[in-house]
Amino acid sequence: MHLAQLNVAHPRAPKDSPELASFIAGLDPMNRLAEADPGFVWRLKGGDGPEDLIEHGYGDHLMITFSVWRSRDALWNYVYRSGHLAFLQRRREWFLRIAEPYSVMWWIPEGHEPTLAEGMERLERLKAEGPTPEAFTFKDFYDSSEAAWRPAAAEARK
């Protein structure tokens, strides 16, 4: 099983504004850092450019990152034990606080490439039901063995 992770954020200003310039400039280095990590599997790209954001139909007020990792430890190490941490610590400069869940994880069969719709559905499930083996967070984490027998995992393997 691999770990899928989706994160949404509400920017304080338009993506081409001076307020977000340092965030946009940091996208390429952060993506390169992730892609060089041995625990990294895949990420949804917004285009061929290093600063291209994911295009979606969920509103201009939302920026999305979406990736797949080999394990919880691999994702944790990238987020909190790499150069990404300094970038993450600046998030309040660029993004508004969100009172509801803005990040979700779930287990997928190795080789499955999740869709953005699947990720947004998992985030909505987390908001509606709280953490479950189908939609969880670092704080309320479920091991892959707790999710592997679930119908969603079985369906994805077909």
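Heads up: the structure comes first, above all this text.
Predicted model, so just to flag it, every value in this text is computed and none were measured.

Colleague: I'd love a proper account of the overall build of the protein chain, names of residues and values included.
Modeller: Counting its secondary structure elements, the protein chain contains 7 helices and 4 strands. Starting at the N terminus and walking to the C terminus, you meet the elements of the protein chain as β-α-β-β-α-α-α-β-α-α-α. In the protein chain, which comprises 158 residues, the share counted as buried stands at 41%. Put simply, 74% of the contacts in the protein chain that link residues at least 6 apart link residues at least 24 apart. Working note: accessible area of the protein chain is about 8800 Å², and carbon and sulfur atoms make up 51% of it. Computed over 19 positive and 24 negative side-chain charges, the separation of the two mean positions in the protein chain equals 5 Å.

Colleague: Report on a positive patch on the surface, specifying residues and quantitative values.
Modeller: A cluster of like positive charges, contributed by Arg12, Arg91, Arg92 and Arg97, occupies part of the molecular surface. The topology assignment puts Arg97 in the loop between α4 (91-94) and β4 (103-108).

Colleague: So what about the packing of aromatic side chains? Which residues, and what values?
Modeller: Enumeration according to the criterion identifies 14 aromatic pairs in this entry. Aromatic pair Phe23 and Phe87: ring centres 5.6 Å apart, planes at 20 degrees, arrangement stacked. Within this pair, whereas Phe23 is found in helix α1 (residues 21-36), its partner Phe87 is found in helix α3 (residues 84-88), the two being separated by 64 residues in sequence. Across the pair, exposure class does not vary: Phe23 and Phe87 are buried alike. Ring centres of Phe40 and Trp69 lie 5.5 Å apart, and the angle between their planes is 80 degrees; on these two criteria the pair is classed as edge-to-face. Highlighted residues: Phe40 in strand β2 (residues 40-43) and Trp69 in strand β3 (residues 63-69), separated in sequence by 29 residues. Judged by relative accessible area, Trp69 falls into the buried class, the value being 1%.

Colleague: Outline the nonpolar core, supporting the account with residue identities and numerical values.
Modeller: Formed by 41 residues in total, the largest nonpolar core has its most connected members in Leu6, Phe23, Ile64 and Trp106. Mapped onto this core, the elements with two or more residues apiece are β1 (2-9), α1, β2, β3, α2 (72-80), α3, β4 and α5 (116-129). Excluding anything up to four places from it in sequence, Trp106 contacts His2, Leu3, Ala4, Leu6, Phe66, Pro114, Glu118, Gly119, Arg122, Glu134 and Phe136.

Colleague: Give a detailed account of the sheet that holds β2, specifying residues and quantitative values.
Modeller: Strand order in the open sheet made by the 4 strands is β2-β3-β1-β4, with antiparallel pairing throughout. A single partner strand is all that each edge strand has here, and the edge strands are β2 and β4. If you compare each strand with its neighbour and ignore which way they point, the axes differ by 20 degrees on average. With 6 bridges connecting them, β1 and β4 associate as antiparallel partners. Residue pairing across strands places His2 opposite Ile108, the latter belonging to β4. Each of β2 and β3 touches α1; the most contacted strand, β2, lies at about 140 degrees to it. Relative to the sheet, α5 contacts β1, β3 and β4, its axis offset from that of β4 by approximately 115 degrees.

Colleague: Go over the pattern of salt bridges with me, naming the residues and quoting the values.
Modeller: All told, the structure shown has 7 salt bridges when counted by the stated rule. Glu35 is the partner of Arg43 in a salt bridge, and the nearest nitrogen-oxygen pair spans 2.6 Å. We classify Glu35 as partly exposed; its relative accessible area is 34%. Here Lys127 and Glu124 are joined by a salt bridge, their closest N and O atoms 3.3 Å apart. With a gap of 3 residues between them, Lys127 and Glu124 both fall in helix α5, about one helical turn apart. Relative accessible area serves as the criterion here: at 29%, Lys127 is assigned to the partly exposed category.

Cut-offs applied
Residues numbered from 1 in each chain as written. Predicted model: local features only at pLDDT ≥ 70, side-chain atom pairs only at ≥ 80, totals over all residues. Heavy atoms only, no water. Helix = DSSP H or I, 4+ residues; strand = E, 2+ residues; numbered from the N terminus. Buried < 20%, exposed > 50% of the residue type's maximum accessible area, 1.4 Å probe, protein only. Contact = heavy atoms within 4.5 Å. Areas by Shrake-Rupley, 256 points an atom, 1.4 Å probe, with all protein chains shown as cover. Lys, Arg positive; Asp, Glu negative; His and termini not counted. Charge placed at Lys NZ, Arg CZ, Asp CG, Glu CD. Patch = residues over 30% accessible without salt bridge, like charges linked within 9 Å, V, L, I, M, F, W, Y side chains within 5 Å. Salt bridge = Lys/Arg side-chain N within 4 Å of Asp/Glu carboxyl O. Phe/Tyr/Trp six-rings, centres within 6.5 Å; stacked < 30°, edge-to-face > 60°. Core = buried A, V, L, I, M, F, W, Y, C linked by side-chain atoms within 4.5 Å. Pairing = 2+ DSSP bridges. Axes fitted to C-alpha atoms, helices over the stretch in contact; angles between N-to-C directions.

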